Amino acid sequence: DTNWERFELRPLGDQPGAERAKDAHSDRYTLEWLKKAEGYEGAYGRATMTLDLVTGRPVGFTVNVLDFEPPSRVITRDEAMRHVRQRWIAEKDRFQSAGYMGAAERYFGWPEPPNPEATLVLMIRDDGSACFGSTYGERLASEGKARLCWVFGHGGTEIAIDAENGEPFAGGISKSSIDAERANPTRDPYVVPPGVMQNPLIHGPLPSAAAGVAGLVAGWWLRARLTRKGK
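Keep in mind it's a predicted model, so treat the numbers as computed, not measured. Residue positions are given per chain, counting from 1 as you read along its sequence in written order. Local features are withheld for residues below a pLDDT of 70 in this predicted model, meaning they are given only at 70 or higher, and side-chain atom pairs are given and counted only at 80 or more; totals for whole chains, interfaces and linings count all residues. By convention in this description, side-chain values take in all heavy atoms of the structure and omit both hydrogens and water.

A. Structural context of the overall build of the protein chain. Starting at the N terminus, helices and strands are each numbered in turn, a helix being any DSSP run of H or I of at least four residues and a strand any DSSP run of E of at least two. Looking only at helices and strands, one finds 6 helices and 10 strands in the protein chain. Relative accessibility decides the category of a residue: with a 1.4 Å probe and only protein chains considered, values under 20% of the type maximum give buried, values over 50% give exposed, and everything between is partly exposed. Looking at the 231 residues of the protein chain, the share that counts as buried comes to 29%. The contact definition used throughout considers only heavy atoms, calling two residues in contact when any of these lie within 4.5 Å. Long-range contacts, defined as pairs at least 24 residues apart, comprise 55% of the intrachain contacts of the protein chain with a sequence gap of at least 6. Accessible surface computed for the protein chain: about 15,300 Å², of which carbon and sulfur atoms make up 55%. Reported accessibility uses the Shrake-Rupley method at a 1.4 Å probe radius. Residues are deemed covered only where the shown protein chains occlude them.

Here is the structure:
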């Protein structure tokens, strides 16, 4: 089958999720093939073979191929951008309505001009999912179908829309973006972090000492006044 394209031999321990895999040995490598459609980016099938470099024997093989048919038409780049922006803004509004104002702006703030359309890529996608208020991609994925999509990403958020009808096929906020935010959370500059003194001129030891001295002076002054009145 000439539609399969072979990729490089890679250490199994470098594969995603290998740190949790029981057989991610350093002496095992994988060969990967992608099933591609001529004239299109992306793939609609993947096959891997795991090899033990000590014995030279294959120890595992996986293959997953989805159905793919070229679309009867492909919407224009401008039309695709209109679909993307409509869904993008609707998702931002949904986040804001739920009270996540900061997240809405970070993940769904629209890119600045001059040319966000240039980031649109036409490619085959085989990862359909429910996203941006649509179950279209999830339904096709359950049927084992891949589709040609216009793909747009910005600021850690992505959406892939069907190149034939503009329906959302896959997308969302990337896990790496969420992890990065957890590691370096943004904060309101007016909110004091835990364990940090709010304002040393108000809450520090110097104002406290000054207040103590002022109280002592006031006490001596009041005592002196009362003593003079008693005489």
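More follows now that the structure is in view.
B. Up close: helix H1 (residues 77-97). For a helix, the expected span equals 1.5 Å multiplied by the residue count minus one. For H1, spanning 21 residues, the distance from its first C-alpha to its last is 30 Å, which sits close to the expected 30 Å at 1.5 Å a residue. Every buried residue belonging to H1 is among Ala 80, Met 81, Val 84, Trp 88, Glu 91, Lys 92 and Phe 95, and all of these are buried. All buried residues of H1 fall inside an arc of 100° around its axis, so they share one side. Away from the buried face of H1 by more than 90 degrees, exposed residues Asp 78, Arg 82, Gln 86 and Ser 97 are located. Those residues of H1 that are buried are in contact with helix H2 (101-108), strand E8 (147-154), strand E9 (157-162) and strand E10 (168-173). Two residues or fewer after H1 comes Gly 99, characterised by a positive phi angle close to 95°. The arc in question is formed by the directions pointing from the helix axis toward the C-beta atoms.

C. A nonpolar patch on the surface, seen in detail. Patch membership requires more than 30% relative accessible area and the absence of a salt bridge. Residues of like charge join within 9 Å; the nonpolar side chains Val, Leu, Ile, Met, Phe, Trp and Tyr join within 5 Å. Criterion for a salt bridge: a side-chain nitrogen of Lys or Arg within 4 Å of a carboxyl oxygen of Asp or Glu. Residues Phe 61, Val 63 and Val 65 make up a contiguous nonpolar surface patch of about 290 Å² in total accessible area. Looking at where Phe 61 falls in the secondary structure, it is placed in strand E6 (residues 58-65).

D. Seen up close, the packing of aromatic side chains. Between the rings of Phe, Tyr and Trp (Trp by its six-membered ring), a pair exists once the centres lie within 6.5 Å; its type follows the angle of the planes, with under 30 degrees stacked, over 60 edge-to-face, and the other angles tilted. Within this structure, the stated rule accounts for 8 aromatic pairs. Centroid distance Phe 95 to Phe 108: 5.1 Å. Interplanar angle 55°. Geometry classified as tilted. One end of the pair, Phe 95, is in helix H1; the other, Phe 108, is in helix H2, with 13 residues separating them in the sequence. With respect to class, Phe 95 is no different from Phe 108; both count as buried. By the ring-pair criterion, three or more aromatic residues cluster together here, those being Trp 88, Phe 95, Tyr 100, Phe 108, Phe 132 and Phe 152.

E. Region of the structure containing the pattern of salt bridges. Across all of its chains, the model carries 11 salt bridges by this definition. A salt bridge links Glu 158 to Arg 125; the nearest nitrogen and oxygen atoms lie 3.0 Å apart. One end of the pair, Glu 158, is in strand E9; the other, Arg 125, is in strand E7 (residues 121-125), with 33 residues separating them in the sequence. Here Lys 145 and Glu 143 are joined by a salt bridge, their closest N and O atoms 3.4 Å apart. One network of salt bridges, in which partners are shared, links Arg 125, Asp 127 and Glu 158.

F. Main features of the nonpolar core. For this analysis, a nonpolar core means a set of buried residues of the types Ala, Val, Leu, Ile, Met, Phe, Trp, Tyr and Cys, connected via side-chain atoms within 4.5 Å. Judged by nonpolar contacts, the single largest core of 26 residues is most densely connected at Val 84 and Phe 152. Every element with two or more residues in this core is listed here: H1, H2, E8 and E9. Per-element tally for this core: the top contributor is H1, with 5 residues.

G. Representation of the side chain of Arg 125 in the model. Residue classification places Arg 125 among the buried positions, given a relative accessible area of 10%. N or O atoms closer than or at 3.5 Å make up a polar contact, with two conditions inside protein: a donor-capable atom paired with an acceptor-capable one, and, for residues adjacent in sequence, both atoms drawn from side chains. A distance of 3.0 Å separates the side chain of Arg 125 from the side chain of Glu 158, its partner in a polar contact.

H. Spotlight on H2. The set of residues buried in H2 consists of Ala 103, Ala 104, Tyr 107 and Phe 108. Buried residues of H2 fall within an arc of 105° about the axis and therefore sit on the same side.

I. The arrangement of the pairing of E6 in detail. The pairing criterion for strands is at least two bridges between them, as found by DSSP. Across 7 bridges, the pairing between strand E5 (residues 45-52) and E6 is antiparallel. Directly across from Leu 51, in E6, lies its bridge partner Pro 58. Counting the residues between successive antiparallel strands, the hairpin from E5 to E6 contains 5 residues, one of them, Gly 56, with a positive phi of roughly 80°.

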